[in-house]
Structure formats: structure tokens, C-alpha cells
Amino acid sequence: MRLGHCLLVFVAMMLPLSGCGSFSGENGSQTAQTPSISKQTLGEVYFEPLPLDHTPLDQPETKTMRDAYKALLEVVADPQTKQIVQYRLADLEVSLAEQRQENGLPIDSVTSSATQTGQKPQKLFDLAIVQYQQLLLDHPQNPNNLEVLYQLAKAYEQQGQIQDSFDTLQQLLQQFPDNAYLAETHFRVGEVEFNRTNYPLAISAYSKVLEQGEQNPYYGTAAYMLGWSYFKNDQQGEALKAFTTLLDHKLPNEIIAQGMLSQVDSQAQIEGLPLGEKRLVNDTIRIMSLLFSYQDAQLSYQNSQEANAAQSIAAHFTLVENRHYEYVLYDALAQHYLNQDRYRDSAKAYQAFTEIHADHFQAPIFAVKQIDSYILGQFPTLVLPAKQRFVTRYGITGAYWPNWPIVWQEQVAPYINEYLQELAQYEHSRGQMLASASRKTNVKDTDKNRATSLELKEQATQALLLASKWYQQFILTFPNDEQTPELTYRLGEALFESQQFSESIKAFEDYAYEHLQPNTHLSAAHPKAAEAAYSAILAYQKIQLAASDSLPQQDNNQQASWLDKQLVAQDNFVNTFADDPRASDILYSSMQQLFTLKRYELAIVSAQQLLDWQPKVQSEKRLASYLVIGHSQFALQQYAAGESTYEQVIQLLPDNDPRRLDIRDRLAASIYKQGEQNVSLNYLPLAINDFLRVLAKTPESGIRVNAQYDAATYLLQMQEWQQGIDLFTDFRRRFPKNKLTESIQEQLILAYQQNENWQQAADELLVLHQANPESEEGRQALYVAAQYLHKIGNRQQALDAYRTYAHSYAMPFAEANQARYIMSEFYLETNEHSKRRFWLNKLIQADKQAQKSPDIERDDRTRYLAAMASNVFADDKLFAYKKIKLTQPLKASLAKKKAALNAALDAYNKTLDYKVEEFTTSANFSIADIYHQLAKDLMTSSKPKNLNALELEQYDLLLEEQAFPFEEKAIAIHETNAKRSWQGSYDAWIEKSFSALEKLLPGRYNKKERSGEITDEIY
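In this text, all values refer to a predicted model and were calculated from it rather than measured experimentally.

Caption draft 1: Layout of the overall build of the protein. Looking only at helices and strands, the protein has 44 helices and zero strands in total. Residues classed as buried in the protein amount to 44% of the 1019 residues present. The contacts in the protein between residues at least 6 apart in sequence include a share of 57% that link residues at least 24 apart. Working note: accessible area of the protein is about 58200 Å², and carbon and sulfur atoms make up 51% of it.

As C-alpha cells, then:
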């Protein structure tokens, strides 16, 4: 570009000069003219504007341009300009030679210029080569010689003068070791050395091309040729690395997240390459597969073992790290072995990939190809295990299927479908053959090499279980496949034949009743539906038989569960396949089993259905049906209907039938049960009537006891207290040892309470307590009795009951505390102060216990009672304090007074600690009163005798100074108490504080309000 730009400038300068060099006159003669020199400046010259011509200039031909520059070279004298023309002329000679070459002329074609001048025949690029050589000769140190050498080497190469081109490249590298053509230069050198079979030098040259980085256009081809150079030089490992470099370049890993390598479709990436690059990549994969096969053979030879297919691939990528296109190489190697009829090696190559890259999306496809290789190689003993491994590994129960996207599942599903059917049918047939052989084997056969009957039976079971496994996996994987119903039936057969009866039931029933399922596409049953349903019933019977014979016996609940399921199966059979001759027998069996399982409603339905069956069943079965109906009605509490049925049954039974007595007892029980039903409906009068009807009709019946007890109980519920009490009293007299008698006392207590007969209720409760004072019931009885006695004003009995309770029961804490409080109130009423303070102290101690014990909840009531008690004791201290008078000697009496003051303050502070508002305001008032009282007592204390008037006045001032702080404290505490009213609290003690403040600070708290009239008139 630089040379072309200079030449264009030069030509633009020369053309105007040649145009102004001469001119032509009218006579055609040429006359030299001396140009006149104008003295005007360029700015003073007027140029008439010319219109612009936008017509594009014709592009001159290369040959014309070459001839023009060749002619120009002869007339140019300036060395620099001449050098520029030489560069351009050489480039034009190359372009002209290339055009001729593109037009089909051979390299050795004689140029026209040589023919015209009679010179020695020249090749196409000879003129260009001569021009470049001349440039190098004329300007050996010119920095532009890099371009000259590059173009000269290229011209040599295009003309087939490889050695000259090579020498020129070496010269270029020597003079310009760091240049823009470094990658191409080393590549050309590598090509020459490779063609000379000088592979070490070729390796060096191609390696230098790779050192220039992937951005150079020769990187991929150089990596390819480097691989071939290593291969030709018997360096297979290095060759593989070089080929891997090429694949990395064309199929780069860095565009793929490392964790997603197993999901990349590298083959699709290859197919998306341009045609030339795709051919290069495919040939690289081909030669790499060949190299891997060589290395596998070497490893096998070294280890003296059979060829370990694809071991070389694993080793290679362990060395260079994993690539996403590995599976393409495994496939190529396997195909290589397959083309050589090495079927087992091909299969091993596929297997190696599936084991190393188990999570790869191509792993199951390779496993299929492994199986196909065994099939092509006719290895039937290897095909079956391979298919087993395939469905086990990639089937729906394997580790991979649940994590696959739907696309992968759909890709693998056809193979799983095919293999599962083949495996299941093979194992099923094998199991049946072994089972048949086990039944025919002679037990006395002494041939040791022949399997015994037991061994054949065990082998048959294993084969059938394996067939069942494949059937189940097929059904689970392909629930909507057209083969699924038939395979479901076969699954039932295989499981039944292997004595897996519980599992066979599901398969048979799925097949038999699939057409009855919701959202099914079937409109009719499968051909063998009735047989499958009956087979399921037989399987249930087998399970029941095995359960009855098992030692130890199975859990009863489990047996009942199986029987219940069998009943459902039998009911489905009867309802679905009523025309089957086995249906009536199955129905009779269901009726008996349902009644045994106490499924009475279903038993009634089955019995009635059997009675209605056409044609009619035998008489014995009909009688059994009636008995089942009657017993079921009784069990279902349909007592009115049961009563009627039992009467009919008694008429049908012979007189000597032992079942008559049982039916009569049930008849009596039905009357009692009707009473219970009326109770449940809250029809108590009717219920009582039924219970009394039992007494009247069956007085000898054992049900009479319950009937009388229940009648009395419900009479109490109807508030017929006296009738209920009479029945209970009679019951206790008739049946003193009956367990129900023990609860009569509770009922009587209830009757007394409802009748408000508190004394009788309390007496019963005290008896109950005395019978078992350590029980919770006894404790509650004593507490309630005390309440009743307190309620009716029976002070002495109530006092005794509460005292006993308070001393006997520390818990529940709240009730014990309440008992202590009531005791204190009793003694308050009788002015027994010491006894009252005994129980008040108990309240305080109980609260302390509640604070310390984590098991006792200290509630507001407990705190309130303790605060109340504490306040009483504080009032006692206040009373003692006020009784002390200040007398002479003042020091002694004042000390005694202060001691009493401190005791009272401590007592009230304890009350304040409870933080009960009622007693907080009281305590605050009392504390203020204490200080006020002390101030007053100081001022009114007796004076010393023998004091003159002045001394007496000074003494009074001294007392006033001593009293003033106490009065101030009293005021402050009263004000604190009064301020509680600001927070919404107001009681008698706050009111008293206000009253006290009116006297202590009348100027602030005893102001009189003044009222005046206010007018809204505007003047």
C-alpha cells in the first residue's frame, strides 16, 4: 500500500508536465514558446469556473500500466523516484504473471516481450524475479527489502523454484528476524523441509508458526502439518498433541462451559465448519484414530494381553485434559476397528467411552453401537449381557434417565423398548423351560453333573424374577405403548409362576380392569381379562394359604389386609364378569369373608345379592345369607331391623337349635340398643322408656343392670332429681359389688348440687375425701366441700375443711394460697389477730417460694395476697412507731423513735417491692405520714426544764430545723403519690395524699377556684 500510494503521487506530478511541454499550431509545425512570466499573484488571477465531470475513469489494464512504468523507469533520474518505480514495476510484473497463470498459461510459457525482442525464453515470473533481484542489488540496506524478499520468495515458489524460494526465506529470516510475515515464513520453511522429509526441521518450523498465536491464518494448517511431521518422525504421542491443538483451534473449548462438555454436540459443530476446514478436521480425526489404534496395539504387546481398545485415547486425554470432542475420536477409532472386522475391539472402544464418560449424552448411543458391533461380529453370548447392562444403566430405574432432558430420553427410548422386550421374553421362556425340567427330573438320578430338581427350580425362579423385572421396567417406561397390555399380562404370569403372588395381583388386575379406569382409551376388556381377574383371586388365595401355614404365623392385621384386598378383587370379578360360571361361588365366599372381617354392610349387600341370584342358589347358602343379614344388622346398630330379622330367624330355626338362645339374647340387646340410639338422638324420655322396657321384658337378662343404671343417669340429666336418686339408691342396694356402684356417689353429689342441697353434697364430698385423701379426687372433694360449707355459713365445718386443706395440700399453688387467705379472713372476722397474722405470713412465704421455684407459677393473685399481707405487717410497724412519744431525755426517746421509723420504712418498702398499685399508693402515703409524724413529734416533744425565754426560743428553732427535712420528705412522697393521678391512677390513698398536701402546702394545693362570666358579644 505504501509503494502504490507513492507511485500514484509520482504519476500525478508527471502527467501535467508532459502535457505542457509542447503544443501544435495551425500549420502543424511545432514552435518553441517561451512562457511569459506574469507578475500577478495566484490570488489575482481569475479562473473561470468549469463544470465537474463525474464520469468514472477507465481502469487501465495491468499490461498497459506495466509498460507505462517500464517506459517511465528509463526517463526518471531521481534515485528515490526511480526506486519507487522499480518497486511498482516488480509488483506489476507479478500481477501480470498471476493473471496469465489464472488464464491457464503454464509456468514455462514464453512471454511475448521475450519473443518480440529475440531474447532467451522466459518463464512467467522471471521478469518479476529480475526486478526484485535488481531492487535488492541496488538497495541492499533499504528497510523495505522485507517486502521485496517476501515477494521474491513468493514469486520463486509460484514458479516452482522451491530451493530459491527457500534460500530467499532464510535470507528474510536472517535480515528481519521479527517481521509481520514471520508465521507465513516459518510455515513455508516447514513445507519445504517436510517435502524434503527433513521432519525434525519441519517440526521446528511448524512449532514456530504455532508460537505466533492462534490469530495467524496459518495456525490450523501448521498444527495439522506439525502432527504429520511428528507422525512421520515416529513421535506418535507428540503427533496426537499437535492434532489435538488443531481440533482445539477449530473446535475451541473456551466457548463451552467446562461443566457442559458432556452435552456439546461436537459432530454438529464439525458439520457447521466451512468445507475446507471440515475436510481438514475429519482427516485429523481419521489419522488420530489410526494413531490410537497403533498405540493400543503397542500397549497390548507390552502387557502381553489382548488389545485394550481405546486405552490410548483415555491416556492421551488424561495427559492433555478432557475435550468436548472426545466422543468423536472414540467413534472414529471404533469405526476403524469395525472396518478391519475387529468387532470386539470396536465394541470395547464404545464401551470404554461409556465407562469413562458415563454422563455424556452420546454414552447410551455408544452402548447401542457396542451391541451392534457384537451383533455384526456374531457374538450372541455377548449381546444379551450387553443389552442387560444397557437397560440397567440407562433405563428408567437407572441413575441417568431421571436427570436427562426429554430430548435425550426420546433418543434412547426406542432401544430400551426393543431390548426390554427381548430380555423379558428370553428370561420368561427360559424360566418356564427350567420349571418344566425341574418337574420331570428324576429324584433318584445319580448323575452328579446334572442339576437337581431343587436347583432347576431355583434357576427357574431366578429367570422368572428377572423376566418380571424387565416386564416391569418396560411398563414403567412405556405406559402407553401398544405392547404394554400384553406385557402386563405376561408380567402377572411370570410373577405368579415365581410365587411372587402379591406382585402378580397388581399386574393381573391392571390388565383385567384397565378398560374401567378413568380417561382410558379402551372401550372393552382385553381378551384374557376374565382369566387375569380370576388369576388375581387365585393369587390372593395362595397368599392366605401361605399365611395360615407359615410358622410363626403372620401378623393378624396383615392377614386381614390381604383378605380385604381379596374381597375387593372378588367383588370386581362378580360385577364385571357376572356371566362367568365361577361368579356365584366367588360371591358366596365374599359374603362369608366379609362377615368374618366385620364388613357388615358389604356382607348384607353380598347376602342379598346371593338371595337374588338367578338361577337360585342352594337352600343352605340361602339360610346362611339370612343369618349373615341378621347378625350384620345387629352389628351395624340397625336394631329395629335387626329385631325384626331375629324374630324371623327364630321362626325359621328348629326348637332344638342351639342358636335360638343367642338370637333371644340379641333380641333383648336390640331393645337396650334402641334406648342407646335414642340417647344419641337426645330423645331421653324415649330412651328411659326403652331401658325400663328391658327391665320389664327381660328382668333376668344381664343387660338389666346397665339399663337401670342408665335410666337413673338420664333421669338426672332431665333434672328429675328425686326419681334418679331413688333408682340409684335402689341400685346401690341391689348391686353393692357391681363396678357401676362405685360411680353412684359422684352422680348423687351431682344431684345434690343441682338441687342446691349443699350440706348433703358437702357430706358426700367429705366421705369421698376421707376414702382416699392422697388422691387428686380426694383433694378436689375436700376443697369443694369447704366451699359449699363456707357458702351456707357452716363456719366451723368450713374452717376445719380449709385448715385441713391448707395444711395438707401445697399444690395446686393457687388453691392452697386461696385457702390460706380465707383462713386469714376467718380470723379477721373474729379479731383473732395472732392467728390471722400466722396465715398472712404463710401468704408471704408462699410468694417467696413461688419466686424461687421454677415449678410454681407466680401469678398476679399470689403477688397481690403477699402485698396485702406485707401491708398489714407494715401497718403494725407504723402503729408501734406512732405510739412512741418524744420525751426527755430527748436523745434516748429519739433513738427509740428512729429505730421504730426504720422498721416501719423497711416494712413498707417490702410492700412496695411487690409493685401492686393498690398497696403501692397505700405504702407511699404511710411512708409520707411517717416522716410527717416525726416532724410533728419533734415540734411537740417535751422541752428541757430550767430554760429561760431566750434559750427556749433557740431550742424551738433548733427543733424546727430538725423537723423541716422530714416534713419536706413527707411532701415529696405525697406529691409522688399524687402524680400517679396524672397517669390515670386514682384511689383513696392518692386522695389522702392530696388532702395531706392541702395542709402541708396550702398555697399550692389548697387554692380556691374563681368563676366569672364570659360574653361572646362583639362590639
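Caption draft 2: Representation of the environment of Pro 385 in the model. Relative to the helices and strands, Pro 385 resides in helix H18 (residues 380–394). Pro 385 sits in the partly exposed class, given a relative accessible area of 30%. For the pair Pro 385 and Ile 371, spaced 14 residues apart in sequence, the C-alpha to C-alpha distance is 9.4 Å.

Caption draft 3: Quick look at the packing of helix H9 (residues 199–211) against helix H10 (residues 219–232). Running from amino to carboxyl end, H9 crosses H10 at an angle of 155°, the nearest separation of the two axes being 9 Å. If you check the angle between H9 and H10, you find them roughly antiparallel. The element H9 and its partner H10 pack so that their crossing is left-handed. In this structure, H9 uses Tyr 199, Ala 202, Ile 203, Tyr 206, Ser 207, Val 209 and Leu 210 to contact H10, whose residues at the interface are Tyr 219, Ala 222, Ala 223, Met 225, Leu 226, Ser 229, Tyr 230 and Lys 232.

Caption draft 4: The arrangement of a negative patch on the surface in detail. The grouping of Glu 953, Asp 956, Glu 960 and Glu 961 at the surface amounts to a negative patch. Mapped onto the elements, Glu 960 comes out in helix H42 (residues 949–979). The exposure class assigned to Glu 960 is partly exposed, which follows from its relative accessible area of 44%.

Caption draft 5: Main features of helix H16 (residues 343–356). Helix length check: H16, at 14 residues, gives a terminal C-alpha distance of 20 Å against a target of 20 Å (1.5 Å per residue), a fit within 8%. Residues of H16 that are buried: Asp 345, Ser 346, Ala 347, Ala 349, Tyr 350, Ala 352, Phe 353 and Thr 354. Taken together, the buried residues of H16 touch helix H15 (326–339), helix H17 (363–376) and H18.

Caption draft 6: Looking closely at the UniProt feature "repeat: TPR" (unreviewed entry) in the protein. Under the UniProt annotation, "repeat: TPR" (unreviewed entry) lies at residues 146–179, 183–216 and 623–656. Across residues 183–216, helical content stands at 76% and strand content at 0%; the span's end C-alpha atoms are separated by 7 Å. Secondary structure over residues 623–656 splits into 79% helix and 0% strand, and the C-alpha atoms at its two ends are 17 Å apart.

Caption draft 7: Here's a closer look at the pattern of salt bridges. Under the definition given, this model contains 30 salt bridges. With a closest N to O distance of 3.6 Å, Glu 486 and Lys 528 form a salt bridge. Taken together, the residues Glu 486 in helix H21 (residues 484–497) and Lys 528 in the loop between helix H22 (501–512) and helix H23 (529–549) connect sequence positions 42 residues apart. With a shortest N-O distance of 2.5 Å, Glu 776 and Arg 779 are connected by a salt bridge. Of this pair, Glu 776 and Arg 779 both sit in helix H35 (residues 776–791), three residues apart, which is roughly one turn of the helix. On the basis of relative accessible area, Arg 779 is assigned to the buried category, the value being 4%.

The rules behind each value
- Residues numbered from 1 in each chain as written.
- Predicted model: local features only at pLDDT ≥ 70, side-chain atom pairs only at ≥ 80, totals over all residues.
- Heavy atoms only, no water.
- Helix = DSSP H or I, 4+ residues; strand = E, 2+ residues; numbered from the N terminus.
- Buried < 20%, exposed > 50% of the residue type's maximum accessible area, 1.4 Å probe, protein only.
- Contact = heavy atoms within 4.5 Å.
- Areas by Shrake-Rupley, 256 points an atom, 1.4 Å probe, with all protein chains shown as cover.
- Axes fitted to C-alpha atoms, helices over the stretch in contact; angles between N-to-C directions.
- Parallel < 35°, antiparallel > 145°, perpendicular 65-115°, else oblique.
- Left-handed = near helix turned anticlockwise from the far one by under 90°.
- Patch = residues over 30% accessible without salt bridge, like charges linked within 9 Å, V, L, I, M, F, W, Y side chains within 5 Å.
- Salt bridge = Lys/Arg side-chain N within 4 Å of Asp/Glu carboxyl O.
- Lys, Arg positive; Asp, Glu negative; His and termini not counted.
- Charge placed at Lys NZ, Arg CZ, Asp CG, Glu CD.
- Expected span 1.5 Å × (residues − 1).
- UniProt positions renumbered as here; feature names shortened; annotations may be inferred.

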